[in-house]
Amino acid sequence: MRRAQVLRDALEQDIVTGKFRPGDRLDEQSLAARFEVSRTPIREALMQLASTGLVELQARRGAFVASLSFKDVVERFEVMAALEGMCGALAARRITEAMQRELEKAHEDCVREASQENADAYYYANERFHHVIYEACQNIFLAEQAQQLHARLKPYRRLQLRARSRVANSLAEHQGIVDAIHAGDSDRAERLLREHILIQGERLADFIASFDRAA
């Protein structure tokens with residue numbers, strides 16, 4: 001994994017768990033000293049975070065944590081659930097044999113990473129799984145919208161996988177989604193994907209609640 005990506009993941013976690021609060025300035029020099037790296041990968045990591053809306057870059061002032069409320073996050077999960085449901089419904093009707101193989105491989109990669117009990121590694125396999133479904137829907141506009149919102153929710157989707165038993169449950173949900181798409185059952189594929197994403201939002205709330213209690 002590239003250094004900037006590792007730094008981005010670490011900063012994501014600090015932001016979504018409250019170590020950095022909305023409006024806090026993310027000083028490149030201080031972060032470079034903390035992680036014992038040059039300012040170049042720090043700057044690249046901050047730019048990646050800015051592309052997801054988690055960080056705001058202000059001219060001549062630097063990088064600041066964006067002000068995104070928990071209500072804002074939940075509303076985005078609701079829209080994400082609708083988009084993914086539509087992708088799943090269309091994929092069940094339009095998926096090609098080649099894309100079916102891609103989906104199976106993506107699911108197998110998720111199974112492998114889940115067995116390693118590494119939530120972050122599982123997240124990246126999971127990300128590929130969902131992107132295959134976006135591609136399989138064969139609606140370019142819908143896929144683009146889903147990919148863009150997926151990118152904005154990435155920190156929160158990654159974080160909720162740390163809730164107890166969430167990786168195992170996510171994997172079981174994936175199997176149902178794969179089966180529905182392969183069977184051409186568009187109604188079931190849509191329902192399962194919507195539930196899968198809405199559960200992520202609920203699990204995120206559970207995780208943050210448990211984090212707040214621990215704090």
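- For the protein, an unreviewed UniProt entry supplies the name GntR family transcriptional regulator and the organism Microvirga aerophila.

1. Some details on the overall build of the protein
- Check the secondary structure of the protein and you find nine helices and three strands.
- In the protein, the succession of α and β elements from N to C terminus is α-β-α-α-β-β-α-α-α-α-α-α.
- Taken over the C-alpha trace, the protein has a radius of gyration of 18 Å; the compact-globule value for 215 residues is 17 Å, and the two agree within 12%.
- By its C-alpha atoms, the protein is 55 × 35 × 30 Å across when sized along the principal axes.
- The proportion of buried residues among the 215 residues of the protein is 48%.
- Long-range pairs, those at least 24 residues apart, make up 72% of the contacts in the protein with a sequence separation of at least 6.

2. Details of the sheet that holds strand β1 (residues 25-26)
- Taken in spatial order, the three strands of this open sheet run β1-β3-β2, and their pairing is antiparallel. On the outer flanks of this sheet lie β1 and β2 (55-58), each paired with one strand and no other.
- Looking at chain direction, β2 and strand β3 (residues 62-65) are connected through four bridges and run antiparallel. Of the residues in β3, the one forming a bridge with L57 is A63.
- Helix α3 (residues 39-51) rests against β1, β2 and β3 of the sheet, and its axis sits at about 115° to β2.

3. Looking at the pattern of salt bridges
- Per the stated rule, a full pass over the model turns up 18 salt bridges.
- A salt bridge links R112 to D109; the shortest N-O distance between them is 2.9 Å. Note that R112 and D109 are positioned in helix α5 (residues 97-115) at a spacing of three residues, about one turn of the helix.
- By relative accessible area, R112 is classed as partly exposed at 44%.
- Beyond isolated ion pairs, a larger network of salt bridges with shared partners links R8, D9, E12, D120 and R158.

4. Details of unusual backbone geometry
- Even without glycine at this site, R60 takes up a positive phi of about 65°.
- Positioned with a positive phi, Q138 is a non-glycine residue whose angle comes to about 60°.
- In this structure, Q138 sits in the loop between α6 (119-136) and α7 (140-160).

5. Some details on the nonpolar core
- Among the nonpolar cores identified, the biggest contains 61 residues, and I15, L26, M80, L103, F129, I133 and I181 are the most heavily contacted of them.
- A per-element tally of this core places α6 first, with ten residues.
- Viewed by domain, this core spans two of them, domain 1 (3-65) and domain 2 (70-211), each represented by three or more residues.

6. Concerning the packing of α5 against α6
- Their axes nearest at 8 Å, the elements α5 and α6 cross at an angle of 165°. By the angle between their directions, the pair α5 and α6 is classed as roughly antiparallel. Judged by the twist between their axes, the crossing of α5 over α6 is left-handed. Contacts from M99, E102, L103, A106, H107, D109, C110, E113 and A114 in α5 reach A121, Y122, A125, N126, R128, F129, V132, I133, E135 and A136 in α6.
- Residue classes in the contact of α5 with α6 are distributed as twelve nonpolar, two polar and five charged.

7. With respect to the domain arrangement of the protein
- Along its sequence, the protein is carved into domain 1 (3-65) and domain 2 (70-211).
- Once you take the C-alpha centre of each, domain 1 and domain 2 turn out to be 26 Å apart.
- Across the boundary between the two partners, domain 1 contributes ten residues, which contact ten residues of domain 2.
- When domain 1 packs against domain 2, close to 1,000 Å² is buried across both sides, 50% of that on carbon and sulfur atoms.
- Contact with domain 2 buries area across many residues of domain 1, yet V16, T17 and T52 alone supply 46% of it, more than any other trio.
- Linking domain 1 with domain 2 are one salt bridge.
- In this structure, R158 and E12 form a salt bridge, with 3.0 Å as the shortest nitrogen-oxygen distance.

What counts and how
Residues numbered from 1 in each chain as written. Predicted model: local features only at pLDDT ≥ 70, side-chain atom pairs only at ≥ 80, totals over all residues. Heavy atoms only, no water. Helix = DSSP H or I, 4+ residues; strand = E, 2+ residues; numbered from the N terminus. Rg over C-alpha atoms; globule rule 2.2 N^0.38 Å. Buried < 20%, exposed > 50% of the residue type's maximum accessible area, 1.4 Å probe, protein only. Contact = heavy atoms within 4.5 Å. Pairing = 2+ DSSP bridges. Axes fitted to C-alpha atoms, helices over the stretch in contact; angles between N-to-C directions. Salt bridge = Lys/Arg side-chain N within 4 Å of Asp/Glu carboxyl O. Core = buried A, V, L, I, M, F, W, Y, C linked by side-chain atoms within 4.5 Å. Domains from an automatic or database assignment. Parallel < 35°, antiparallel > 145°, perpendicular 65-115°, else oblique. Left-handed = near helix turned anticlockwise from the far one by under 90°. Nonpolar A, V, L, I, M, F, W, Y, C, P; charged D, E, K, R; others polar. Buried area = accessible area lost by both parts, 1.4 Å probe.

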